[in-house]
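One-letter residues, chain by chain:
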Amino acid sequence: MAATVIDGKAFAARIRGQVAEHVAELKAGHGITPGLAVVLVGEDPASQVYVRSKSKQTVEVGMNSYEHKLDADTSEADLLALIDRLNGDPDVHGILVQLPLPGHLDEDLVINAIDPAKDVDGFHISNVGLLGTGQKSMVPCTPLGCLMMLRDHHGSLSGMDAVVIGRSNIVGKPMAQLLLGDSCTVTIAHSRTKDLADVVRRADIVVAAVGRPEMVPGDWIKPGATVIDVGINRIERDGKTRLVGDVHYDSCAQVAGAITPVPGGVGPMTIACLLANTLTACTRANKLTEPDGLTP
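Residues numbered from 1 in each chain as written. Predicted model: local features only at pLDDT ≥ 70, side-chain atom pairs only at ≥ 80, totals over all residues. Heavy atoms only, no water.

Novice: Would you mind going over the overall build of the protein chain with me for this structure?
Specialist: Along the backbone of the protein chain there are ten helices and eleven strands. Taking 296 residues into account, the globule formula puts the C-alpha radius of gyration at 19 Å, and the protein chain, at 19 Å, falls close to it. If you line up the protein chain on its principal axes, its C-alpha atoms span 50 × 45 × 35 Å. Counting the 296 residues in the protein chain, one finds 48% classified as buried. For the protein chain, the computed accessible surface area is about 13,500 Å², with 50% contributed by carbon and sulfur atoms. Positive and negative side-chain charges of the protein chain, numbering 26 and 35 respectively, have mean locations separated by a distance of 4 Å. (Helix = DSSP H or I, 4+ residues; strand = E, 2+ residues; numbered from the N terminus. Rg over C-alpha atoms; globule rule 2.2 N^0.38 Å. Buried < 20%, exposed > 50% of the residue type's maximum accessible area, 1.4 Å probe, protein only. Areas by Shrake-Rupley, 256 points an atom, 1.4 Å probe, with all protein chains shown as cover. Lys, Arg positive; Asp, Glu negative; His and termini not counted. Charge placed at Lys NZ, Arg CZ, Asp CG, Glu CD.)

Novice: Even after reading the chapter, I still don't get the environment of Ala37, so can you show me in this structure?
Specialist: Residue placement: Ala37 occurs in strand 2 (residues 35-41). We classify Ala37 as buried; its relative accessible area is 0%. Spatially, the C-alpha atoms of Ala37 and Leu147 are 25 Å apart, while their sequence positions differ by 110 residues. Beyond its immediate stretch of four places on either side in the chain, Ala37 contacts Tyr66, His68, Leu86, Val92, Gly94, Ile95 and Leu96. (Contact = heavy atoms within 4.5 Å.)

Novice: Explanation requested: the sheet that holds strand 2 in the structure shown.
Specialist: Sheet strands pair via backbone hydrogen bonds, and the direction of the pair is either parallel or antiparallel. Spatially, the three strands line up as an open sheet ordered 3-2-4, and their pairing is parallel. A strand with exactly one partner marks an edge of an open sheet, and here the two such strands are strand 3 (64-70) and strand 4 (94-97). For this sheet, the mean inter-axis angle between neighbouring strands, taken without regard to orientation, is 15°. As defined by bridge partners, strand 2 adjoins strand 4 across four bridges and the pair is classed as parallel. Following the sheet pairing, Ala37 is matched in strand 4 by Ile95. The strands touched by helix 3 (residues 76-87) are strand 2, strand 3 and strand 4; relative to strand 2, the strand with the most contacts, the crossing angle is about 180°. (Pairing = 2+ DSSP bridges. Axes fitted to C-alpha atoms, helices over the stretch in contact; angles between N-to-C directions.)

Novice: Teacher, can you tell me more about empty space enclosed by the protein here?
Specialist: The probe, sized like a water molecule, is rolled over the atoms to show the empty space still left. Taken as a whole, this structure holds one cavity of 30 Å³ or more when the rule is applied. Considered as a void within the structure, the largest cavity measures approximately 30 Å³ in volume. If you trace the largest cavity, you find it lined by Ser137, Met138, Val139, Asn277, Thr280, Arg284, Thr295 and Pro296. Looking at the lining of the largest cavity residue by residue, the classes come out as three nonpolar, four polar and one charged. (1 Å grid on protein atoms, 1.4 Å probe; cavity = no way out; pocket = protein on both sides within 12 Å on 5 of 7 lines; lining within 4 Å. Points joined across faces, edges and corners; volume = space filled by probe spheres on them. Nonpolar A, V, L, I, M, F, W, Y, C, P; charged D, E, K, R; others polar.)

Novice: Help me out: how do you make sense of the layout of surface pockets in this one?
Specialist: Space inside the largest pocket adds up to approximately 1,500 Å³. Forming the boundary of the largest pocket are 46 residues, of which Tyr50, Thr142, Ile232, Gly267 and Thr270 lie nearest the centre. Among the elements that make up the lining of the largest pocket, the one with the highest residue count is helix 2 (residues 45-60) (seven residues). Of the residues belonging to the lining of the largest pocket, the class tally is 25 nonpolar, 13 polar and eight charged. In this structure, the second largest pocket occupies an estimated 430 Å³ of space. For the second largest pocket, the lining is made up of 19 residues, of which Phe123, His124, Val128, Asn169 and Ile170 are closest to its centre. Those elements giving two or more residues to the lining of the second largest pocket turn out to be helix 4 (107-111), helix 5 (125-132) and helix 7 (172-181). Among the elements that make up the lining of the second largest pocket, the one with the highest residue count is helix 5 (five residues). Its residues placed into classes, the lining of the second largest pocket shows nine nonpolar, seven polar and three charged.

Novice: I tried to follow helix 7 on my own but got confused; where do I start?
Specialist: Along an α-helix, residues three or four apart share an orientation, since each turn contains 3.6 residues. Within helix 7 the residues assigned to the buried category are Gly172, Pro174, Met175, Ala176, Leu178 and Leu179. Packing partners of the buried residues in helix 7 comprise helix 5, helix 6 (141-154), strand 5 (161-165), strand 6 (185-189) and strand 7 (205-208). Just past helix 7, the residue Ser183 takes up positive phi, approximately 70°.

Novice: In this structure, what is going on with the state of the cysteines? I would like to understand it.
Specialist: The bond known as a disulfide is covalent and runs between the sulfur atoms of two cysteines. Applying the stated criterion across every chain, the model contains zero disulfides. A disulfide-free cysteine, Cys146 has its sulfur positioned 8.6 Å from the sulfur of Cys273, the nearest such atom. No disulfide involves Cys273; its nearest neighbouring cysteine sulfur is the one of Cys141, lying 6.4 Å away. On the accessibility criterion, Cys273 (0% relative accessible area) is buried. (Disulfide = S-S within 2.5 Å.)

So this is what it looks like as structure tokens:
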């Protein structure tokens, strides 16, 4: 039996709808409009597309969008000065610096200059530490989206065996922490894991975030397992460019109980969760009740 397809595009639309409702309530009840500031340094084409999409969706849910586009040769001092101004701006509740940055800029230094309470990407070292110790934090958007989809599909994740393939700071490590927080038994696997296929085969949940096209075949998947494919890889096939994930979709879909497609799976959830994080940051800054179901 073919797997249930987890429609990330539809789920993201639901999340954006919930965010829009909460934003309308904040405006009507408290006169507050959440604000998201996005900083883009340089003219990387993919980054420009992402920033346009983020800004468009921010406005669509009723938030204020502040775009700051800087030249590629912007100095580190000038970028840090902008971040400092945004940290002190009460109308800005979320700050996102689009990565990657030009090579002369220290990404860690820049990210850690953001006020942790406004770090809606969840990359600041303080938020990493809070997440790792089970405290309230800002959570990276992609893992948060994956967790939301898993909860929506399964309800409780307690006691499930989860394998996260990939150990990046952006997805793999925070994903493992979120699954631990929901009482899964979690293994972080990677390219050097011995007997990787056998490790993956025991999992009730497989989160593939390794950045290798179609690395995980169907015979690695436990029958009935849920497969969350974070990968977005461009490949050439039959003379055409295609987007594929980190799992081989066709073979995995014949074995899994549920699976996310690429595109249309995890991708749309990332921006939806960015908006949810901005809303959460706004409510925390104003000591209001946090939106239900939009945080871990």
